[in-house]
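Below are the chains, spelled out letter by letter.
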Amino acid sequence: MSNPVLVCALRGIDAFRALGAALKGWTQGRDRLSTGDSLPQALMALTPEVTFRQAILFFTEADLVTGKARFYSFSQIVSEHTKLTQICFSPSVGESWRCRAESLFSYLQAGAQVLCTVLLIKPGVWSRGLPRILRSLHLEKFSVVGMKHVELEAAAASALVPCEVQQDPAAAEAHCTYLTSGTALVLCLQRPNAVKKLMDLLGPEDPQLAQALDPCLWRAQYGTSTVQNAFYGSRSYAMAVRDVKLFFPEGLCCAQCQTVQEQEV
């Protein structure tokens, strides 16, 4: 080619589909603006096999690994159905930075790994709805690997309040007051793609919005307000790791996931 090209290594949740959709929209917009070749064109790898071949073609080990930046571990990246459109990298924090070209392909093909996440059933909800909730978890292929009743202290309750709510002191106080008003039930759940799956089941924090989106969402069924919305769920992998350590410091009733072990300090 007579002109230089830019090769990008990208990663993201469901990256092949997401990037394909983004490029399709960009191409359509470009075609409406011009019929010539003056605007950039883009190509992407369509499969893990092609991704692997292109990764080792365009990038060296030195390109893929750096000791100056912190990245998620391979297993974290692959979890939650993360697929890389070009490359994935770096072992867990605290370990030496290593990258094996022959290992990249296995991670690209690995698919979603079994993860742990935390579901807290708020005061007044679990005592009347537990059988139905456990039945729903079973149908969604969750395994309960930890369970305990907790009387939340103010500090722990505050940590569960969403960041956007914490910007409003009055709203944050209302959440903390409710969370500490009685006994909550905390479940550690395990399944592939656990964090995102649980968030999809719970729905938005506002039960009215959840009701408008889908009456089957759990907050639509059990919640009554943005404060008394029935459930707390770990909103990200990092928060799931934090929550497991917070509520189950003694360990779980099964072998811990590899991804959780990698986060141990």
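Above this text is the structure in question.
Values in this document were obtained by computation on a predicted structure and should not be read as measured data.

### Quick look at the side chain of Asn-229
Stage number 1. Mapping Asn-229 onto the fold places it in the loop between helix H12 (218-222) and strand E6 (231-233).
Stage number 2. On the accessibility criterion, Asn-229 (0% relative accessible area) is buried.
Stage number 3. There is a polar contact of 2.6 Å between the side chain of Asn-229 and the side chain of Lys-122.
Stage number 4. At a separation of 3.5 Å, a polar atom in the side chain of Asn-229 contacts the main-chain carbonyl oxygen of Thr-226.
Stage number 5. Setting aside residues up to four positions removed in sequence, Asn-229 forms contacts with Lys-122, Glu-205, Pro-207, Arg-219 and Gly-223.

### Observations regarding the sheet that holds strand E5 (residues 184-192)
Stage number 1. Sheet architecture is open: 4 strands sit in the order E4-E5-E3-E6, paired in antiparallel fashion. This sheet does not close on itself; its edge strands, each paired only once, are strand E4 (143-150) and E6. Pairs of neighbouring strands in the sheet enclose a mean axial angle of 20°, with direction left out of account.
Stage number 2. Pairing between strand E3 (residues 114-121) and E6: 3 bridges, direction antiparallel. Considered in E6, the bridge of Leu-119 is made with Gly-233.
Stage number 3. Contacts between helix H13 (residues 237-247) and the sheet are confined to E3, E4, E5 and E6, with E3 contributing the most and set at about 65° to the helix.

### As for the pairing of E5
Stage number 1. For E5, the tally of buried residues reaches 8 of 9 residues, placing the bulk of the element in the interior.
Stage number 2. In terms of strand pairing, E3 meets E5 through 8 bridges, oriented antiparallel. Paired with Thr-117 across the two strands is Leu-189, which belongs to E5.
Stage number 3. Note that E4 and E5 share 7 bridges and pair antiparallel. Of the residues in E5, the one forming a bridge with Gly-146 is Cys-188.

### Some words on helix H2 (residues 48-58)
Stage number 1. Listed as buried for H2 are Pro-48, Thr-51, Phe-52 and Ala-55. Down the axis, H2 shows its buried residues gathered within 100° of arc, on one side only. Exposed residues on H2 whose side chains face more than 90 degrees from its buried face are Arg-53 and Leu-57.

Reading the values: the criteria
- Residues numbered from 1 in each chain as written.
- Predicted model: local features only at pLDDT ≥ 70, side-chain atom pairs only at ≥ 80, totals over all residues.
- Heavy atoms only, no water.
- Helix = DSSP H or I, 4+ residues; strand = E, 2+ residues; numbered from the N terminus.
- Buried < 20%, exposed > 50% of the residue type's maximum accessible area, 1.4 Å probe, protein only.
- Polar contact = N/O pair within 3.5 Å; in protein donor to acceptor, adjacent residues only side chain to side chain.
- Contact = heavy atoms within 4.5 Å.
- Pairing = 2+ DSSP bridges.
- Axes fitted to C-alpha atoms, helices over the stretch in contact; angles between N-to-C directions.
- Arc of directions from axis to C-beta.

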